Amino acid sequence: GAGVSQSPSNKVTEKGKDVELRCDPISGHTALYWYRQSLGQGLEFLIYFQGNSAPDKSGLPSDRFSAERTGGSVSTLTIQRTQQEDSAVYLCASSLAADISYEQYFGPGTRLTVT
Amino acid sequence: TQLLEQSPQFLSIQEGENLTVYCNSSSVFSSLQWYRQEPGEGPVLLVTVVTGGEVKKLKRLTFQFGDARKDSSLHITAAQPGDTGLYLCAGENYGGSQGNLIFGKGTKLSVKP
């Protein structure tokens, strides 16, 4: 079946511009996660959605970062007034909330470069 | 703050060699997962270990969860070039917010033919 898809695969933007990154989770997965992976680093948790509950935003690094999940499916991560330190690969994952081990399935990521 | 330390950070070996990578923490995790990530792709789940002392085998890969559920190891027997990639461990945040996995920085493995 179809996996997690993300778009665009690459995004180059100028410092100060806003960007939107999109994630389409696996159909039927109620949990959706956003992570950031910088070069040589592990995954940094950003935000988590579970069904209709309020999202866990505890990982967002600043108020320039926000995310929405419409209709319990597609999610958009928005970064306002981008800075060079925002350059990274942004990964989205989804999982079946009923799975007690919360196994996550990742998309290929969006590589963001802020010039 | 819970942290997962992975070692070694880099590992370059010849095809056919055995290797072990480690994932250590001072915190207890209710479960721990191992992922492999190839360049330009997202991580792919290899295994989840839940019970202290648990050992799981996946072909030539053997995963072990420490008795105290604070550490884990991944052993690869007779490594092949196809094993090349970034190996990440991730611990489920014990008693913390649901769905928050704590990731290590990974071990970058290169297996040369």
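To be clear, the structure that these remarks concern was listed above.
Treat the numbers as computed from the prediction; the structure is a model and nothing was measured.

**Some thoughts on the sheet that holds strand 1 (residues 5-7) of chain B**
Residue and element names in this part refer to chain B.
No. 1: The sheet built from five strands is open, its strands ordered 1-3-8-7-6 with antiparallel pairing. In this open sheet, the two edge strands, each paired with only one partner strand, are strand 1 and strand 6 (55-58). Geometrically, the sheet is characterised by an average inter-axis angle of 15° between neighbouring strands, direction not taken into account.
No. 2: Of the strand pairs in this sheet, strand 3 (residues 19-24) and strand 8 (residues 71-76) are connected by six bridges, and their pairing is antiparallel. Across the sheet, residue Cys23 finds its bridge partner in strand 8, namely Ser72.

**Thoughts on the side chain of Arg36(A)**
No. 1: If you trace the backbone, Arg36(A) turns up in strand 4 (residues 31-37).
No. 2: Once residues within four sequence positions are removed from consideration, Arg36(A) is found in contact with Gly42(A), Leu43(A), Glu44(A), Leu46(A), Pro61(A), Phe65(A), Glu85(A), Asp86(A), Ala88(A), Val89(A) and Tyr90(A).

**Quick word on unusual backbone geometry**
No. 1: Cis peptide bonds are those with omega within 30 degrees of zero, and the linkage from Ser7(A) to Pro8(A) qualifies with -10°.
No. 2: Residue position: Pro8(A) is located in the loop between strand 1 (5-7) and strand 2 (10-13).
No. 3: Looking along the chain, the bond that leaves Ser7(B) and enters Pro8(B) is cis, with omega of -10°.
No. 4: With respect to the helices, strands and loops of the structure, Pro8(B) is situated in the loop between strand 1 and strand 2 (10-14).
No. 5: If you check the backbone angles, Arg69(B) has positive phi at about 60° while not being a glycine.
No. 6: Along the chain, Arg69(B) turns up in the loop between strand 7 (61-65) and strand 8.

About the cut-offs
- Every chain begins its residue count from 1, and numbering advances along the sequence as written.
- Here every chain gets a letter starting at A, and every ligand a number starting at 1, in the order they are written.
- Given that the model is predicted, a residue must reach a pLDDT of at least 70 before its local features are reported, and side-chain atom pairs must reach 80 or more before they are shown or counted; all residues, however, enter totals for whole chains, interfaces and linings.
- For side-chain calculations, the full set of non-hydrogen atoms in the structure is used, while hydrogens and water are omitted.
- At least two DSSP bridges between two strands are required for those strands to pair.
- By definition, any uninterrupted DSSP run of H or I lasting at least four residues is a helix, any uninterrupted run of E lasting at least two residues is a strand, and each is numbered from the N terminus.
- For helices, the fitted axis covers only the stretch in contact; all axes are lines through C-alpha atoms, and the angles between them, taken along N-to-C directions, range from 0 to 180 degrees.
- Only heavy atoms enter the contact rule, under which two residues are in contact if any of them lie within 4.5 Å.

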